[in-house]
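What follows is the residue order along each chain.
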Amino acid sequence: LGTLSAVALAFGVGNAFANDCDDGEMVIKFSHVVAGKGHPKGDAANLLAERVNKEMNGVACMEVYPNSTLYDDDKVLEALLLGDVQLAAPSLSKFEAYTLKYRLFDLPFLFKDLDAVERFTTSDAGKGMLKVMEDKGYTGLGYWSSGLKQFSANKPLLVPSDADGLKFRIQTSDVAQAMIEAMGGSAQKLAFKEVYGALQTGVVDGQENTWSNIYTQKFFEVQDGITETNHQLLAYLFVTSTEWLNGLDPAVRDQFLKIAEDVTHEANASVAATEAKNRQNILDAGGKIRELTPEQRGAWIDTMKPVWSQFEGDIGADLIQAAVAAND
Ligand code: LMR
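None of the values given here were measured: they were computed from a predicted structure.

Q: Is there a simple way to think about the overall build of the protein chain in this case?
A: For the protein chain, the helix and strand inventory stands at 15 helices and 11 strands. Over its C-alpha atoms the protein chain spans a radius of gyration of 20 Å, differing by no more than 12% from the 20 Å that the globule rule assigns to 328 residues. For the protein chain, the proportion of its 328 residues judged to be buried stands at 43%. Partitioning the contacts of the protein chain with sequence separation of at least 6, the portion at a separation of at least 24 is 77%.

Q: What am I meant to see in the environment of Phe120 here?
A: By the secondary structure assignment, Phe120 is in helix 5 (residues 114–121). For Phe120 and Ala326, which are 206 residues apart along the polypeptide, the C-alpha to C-alpha distance reads 5.4 Å. Every residue in contact with Phe120, bar those within four places of it in the chain, is listed here: Gly126, Ala322, Ala323 and Ala326.

Q: Quick question: what am I supposed to make of helix 7 (residues 174–182) here?
A: For the α-helix, the turn length of 3.6 residues means that residues three or four positions removed from each other point alike. Along helix 7, the residues that are buried comprise Val175, Ala176, Gln177, Met179 and Ile180. Contacts made by the buried residues of helix 7 are with helix 4 (103–106), strand 6 (167–170), strand 7 (186–189), helix 13 (294–304) and helix 14 (308–315). Remark: Gly184 follows helix 7 within two positions and exhibits a positive phi of approximately 90°.

Q: What exactly am I supposed to notice about helix 11 (residues 250–269) here?
A: The terminal C-alpha atoms of helix 11 lie 29 Å apart, and with 20 residues this matches the ideal 28 Å at 1.5 Å per residue to within 8%. Of all the positions in helix 11, only Phe256, Ile259, Val263, Thr264, Ala267 and Asn268 are classed as buried. End-on view of helix 11: buried residues confined to an arc of 150°, all on one side of the axis. Exposed residues pointing more than 90 degrees away from the buried face of helix 11 are listed as Pro250, Ala251, Asp254, Lys258, Glu261, His265 and Ala269. Buried residues belonging to helix 11 abut helix 2 (40–55), helix 5, strand 4 (138–148), strand 10 (233–241) and helix 12 (271–284).

Q: Can you walk me through the pairing of strand 2 (residues 60–65) in this structure?
A: Counting buried residues along strand 2, 6 of its 6 residues qualify, which places the element largely inside the surrounding structure. Across the two faces of strand 2 the burial is the same, with Ala60, Met62 and Val64 and Cys61, Glu63 and Tyr65 all buried. The pairing of strand 1 (residues 26–31) with strand 2 spans 6 bridges and is parallel. Residue pairing in the sheet places Phe30 in a bridge with Val64 of strand 2. In this region the chain leaves strand 1, passes through helix 2 and returns to the parallel neighbour strand 2; the handedness of that crossover is right-handed.

Q: So what exactly am I meant to see when it comes to unusual backbone geometry here?
A: Residues apart from glycine generally show negative phi values, whereas peptide bonds are mostly found in trans. Backbone geometry at Lys218 places phi at a positive 60°, although glycine is not the residue there. Tracing the sequence through the fold places Lys218 in the loop between helix 9 (211–216) and strand 9 (225–227). Since 15 C-beta atoms lie within 10 Å of it, Lys218 is described here as partly exposed. At Asn230, a residue that is not glycine, the phi angle is positive and equals roughly 45°. Structurally, the position occupied by Asn230 is in the loop between strand 9 and strand 10.

Q: Where do I start with the environment of Ala35 in this structure?
A: In this structure, Ala35 sits in the loop between strand 1 and helix 2. When the C-alpha positions of Ala35 and Ala267 are compared, they lie 15 Å apart, and in sequence the two are 232 residues distant. If near-sequence neighbours (up to four positions away) are discounted, Ala35 is found in contact with Gly42, Pro66, Asn67 and Thr216.

Q: Please explain the site of the ligand as it appears in this structure.
A: What surrounds the ligand is the set Val33, Val34, Lys41, Ser91, Ser146, Gln171, Phe192, Asn209, Asn213 and Leu234. In the shell around the ligand, the residues fall into 4 nonpolar, 5 polar and 1 charged.

Q: Whenever I open this one, the pairing of strand 8 (residues 206–209) confuses me. Can you help?
A: Put simply, side chains in a regular strand alternate between the two faces of the sheet. Side chains Gly206 and Glu208 of strand 8 all project onto a buried face; the interleaved residues Gln207 and Asn209 project onto the opposite face, where all are buried too. Inspection of the sheet shows strand 5 (residues 150–153) paired to strand 8 by 4 bridges, in the antiparallel sense. Within strand 8, the position partnered with Ala153 by the bridge is Gly206. In this sheet, strand 8 lies alongside strand 6 in parallel orientation, the contact comprising 2 bridges. Looking across to strand 8, one finds that Phe168 is bridged to Gly206.

Q: Help me understand the confidence of the model for the protein chain in this model?
A: Segments scoring low in pLDDT should not have their predicted coordinates read at a detailed level. Per-chain confidence: the protein chain averages 94 in pLDDT, with 94% of residues scoring 70 or above. Low pLDDT, under 50, characterises residues 1–17; the predicted model gives this stretch 20 contacts beyond four residues in sequence or across chains. For this predicted complex, the interface confidence score (ipTM) comes to 0.99, while the overall pTM stands at 0.93.

Procedures and definitions
- Residues numbered from 1 in each chain as written.
- Predicted model: local features only at pLDDT ≥ 70, side-chain atom pairs only at ≥ 80, totals over all residues.
- Helix = DSSP H or I, 4+ residues; strand = E, 2+ residues; numbered from the N terminus.
- Rg over C-alpha atoms; globule rule 2.2 N^0.38 Å.
- Buried ≥ 20, exposed ≤ 12 C-beta atoms within 10 Å, placed from the backbone.
- Contact = placed C-beta atoms within 7 Å.
- Expected span 1.5 Å × (residues − 1).
- Arc of directions from axis to C-beta.
- Pairing = 2+ DSSP bridges.
- Right-handed = clockwise from strand over helix to strand, strands pointing away.
- Near = placed C-beta within 6 Å.
- Nonpolar A, V, L, I, M, F, W, Y, C, P; charged D, E, K, R; others polar.
- pLDDT = per-residue confidence, 0-100.

Shown next, in the form of structure tokens:
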């Protein structure tokens, strides 16, 4: 334990996921907003840290800060450019200020399952989208899936018209806003860490998120129930600063990029299982889950899919087609 780490621990500055870095090691900080474990992103970040700390020992040392303890998603992107943090994985919905191309991933009912997501993100079209923000200083290292989203509210939602007049928390995504408005609801953009309190105090009536977020953030405790809509993808851009990456010694960069690629692959392969586990965890904890009949699900599709046309110009019809083709 170095002197600085000892001081940090003594003053409570460190956290359970921070590693003890040795003198001379390059420190790589990863900040995120979700649970530190039992969640696709929390687990992926820990796996990455484990590999970096073992295989790059003496050269690099990685620290993970979960649960918005270091930065919110809007601040973490600024922190990357300032060099205060080197890695992050905000959801693809949170890049509206930098590119409109990622609106693709928010289109409701675009991907039928996570396998289709994997086929698209590993295709040339998907990989090309990792680089669309390099002029803004960001390089995508990979896509990390989190799962499909479900709706919850303070009253039962079986068909979209049940959402009429309700207010839903959304991420900073205009596609999500259009989707909620198509349901007759209103949308409020809020930071992730504010969602539980907003649901509890009635600032909003409902929200949409994955099983893992609904379970680990305990949203189910302050909602009437969750409707299994699987209406939209939640996935992350595993992202770094282009300047930081380009500044690495080539051999170090290659080693880091190889680990990043392996971890991306391994993490995505276990998302479906983590999601299923957290769905069950909600039931075991007394949460209510409503499954839809094919007719009810059809009503959600008919209501929400028309929003695609509003965003086709921002995304490009070719990319939408490539994503749709990944379903086959
Ligand atoms: C949200 O804000 O709902 C999600 O993007 C949080 C996350 O990172 O899963």
